[in-house]
Amino acid sequence: SQKIEQNSEALNIQEGKTATLTCNYTNYSPAYLQWYRQDPGRGPVFLLLIRENEKEKRKERLKVTFDTTLKQSLFHITASQPADSATYLCALETNDYKLSFGAGTTVTVRA
Amino acid sequence: DGGITQSPKYLFRKEGQNVTLSCEQNLNHDAMYWYRQDPGQGLRLIYYSQIVNDFQKGDIAEGYSVSREKKESFPLTVTSAQKNPTAFYLCASSTQTGSGNSPLHFGNGTRLTVT
């Protein structure tokens, strides 16, 4: 069956450190992978999209990698700040017109 | 200021009653979606619409219905046939129906509680 798995445990890190989140998938071959941020009680907000032929994508302090051989994407938040505390969701297209999401990883950055 | 508006933010209903959740967008997007979010689970797709007057079932459509009479509006009705309706409901839109390359814009959700 098709699955998208993210770090099951919440991530607690010290301000200034790098947070690394994992998104693994099975039985898909997505051409694109997306990452979203969700704050409590709010809808997800799009952060980054990476294509299968891109190994790495950056946006300010965020970096995403996409390894189609390992079927894995890594999401890094460098120089983390308390304002980065949120749940981060990965999403990928599983068939036409459908975007499927992982359950998310909750990150807490301590000051 | 473009975006997606969902209303109400909180909704309480008695079991056996149908309830309609509103979703309006002013982004001029063709595609609209309804997702359901439960604690510890990924977002699950209920229905989606690629164009006005057309919509398709997602992965968990049973007990739900939608309409798409206007490009801007995609209301979701949770019927009494839905066995476990209490959840956080999210509406989204995108420019293209090829969703992998088209980010979703989400509303801020409606939390439905059925007792």
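Everything below is about the structure printed above this text.
The structure displayed is predicted, hence computed values, not measured ones.

*Asks:* Describe in detail the state of the cysteines, supporting the description with residues and values.
*Replies:* Note on terminology: a disulfide is the covalent bond linking the sulfur atoms of two cysteines. In this structure the tally under the stated criterion is two disulfides over all chains. The partner cysteine of A:Cys23 in its disulfide is A:Cys90, sulfur to sulfur 2.0 Å. Here A:Cys23 and A:Cys90 share a disulfide; its torsion about the S-S bond, 65°, makes the bridge right-handed. Separated by 67 residues along the polypeptide, A:Cys23 in strand E3 (residues 19-26) and A:Cys90 in strand E9 (residues 86-95) bring together distant segments of the chain. Per residue, the accessibility class of A:Cys23 equals that of A:Cys90, and both read buried. The disulfide that involves B:Cys23 links it to B:Cys91, with 1.9 Å between the sulfurs. Where B:Cys23 bonds to B:Cys91 through sulfur, the torsion about that S-S bond is close to -75°, and the disulfide is left-handed. Taken as a pair, B:Cys23 in strand E3 (residues 19-25) and B:Cys91 in strand E9 (residues 87-94) lie far apart in primary sequence, 68 residues in all. On the basis of relative accessibility, which here comes to 1%, the residue B:Cys23 falls in the buried class.

*Asks:* So what's going on with the interface of chain B and chain A? Which residues, and what values?
*Replies:* Where the parts come together, the accessible area they lose is often given as the size of the interface. Chain B puts 27 residues into the contact, and the matching count from chain A is 20 residues. Across the chain B to chain A interface the summed buried area is about 1,900 Å²; carbon plus sulfur atoms make up 52%. Along the contact surface separating chain B from chain A lie zero salt bridges. Inspection of the region where chain B meets chain A yields six residue pairs in polar contact (both at pLDDT 80 or more). Secondary-structure elements contributing two or more residues to the side of chain B that touches chain A are strand E4 (31-37), strand E5 (44-51) and E9 of chain B. A class-by-class count of the residues in the side of chain B that touches chain A yields ten nonpolar, 14 polar and three charged.

About the cut-offs
- Residues numbered from 1 in each chain as written.
- Chains lettered and ligands numbered in written order.
- Predicted model: local features only at pLDDT ≥ 70, side-chain atom pairs only at ≥ 80, totals over all residues.
- Heavy atoms only, no water.
- Disulfide = S-S within 2.5 Å.
- Helix = DSSP H or I, 4+ residues; strand = E, 2+ residues; numbered from the N terminus.
- Buried < 20%, exposed > 50% of the residue type's maximum accessible area, 1.4 Å probe, protein only.
- Contact = heavy atoms within 4.5 Å.
- Buried area = accessible area lost by both parts, 1.4 Å probe.
- Salt bridge = Lys/Arg side-chain N within 4 Å of Asp/Glu carboxyl O.
- Polar contact = N/O pair within 3.5 Å; in protein donor to acceptor, adjacent residues only side chain to side chain.
- Nonpolar A, V, L, I, M, F, W, Y, C, P; charged D, E, K, R; others polar.

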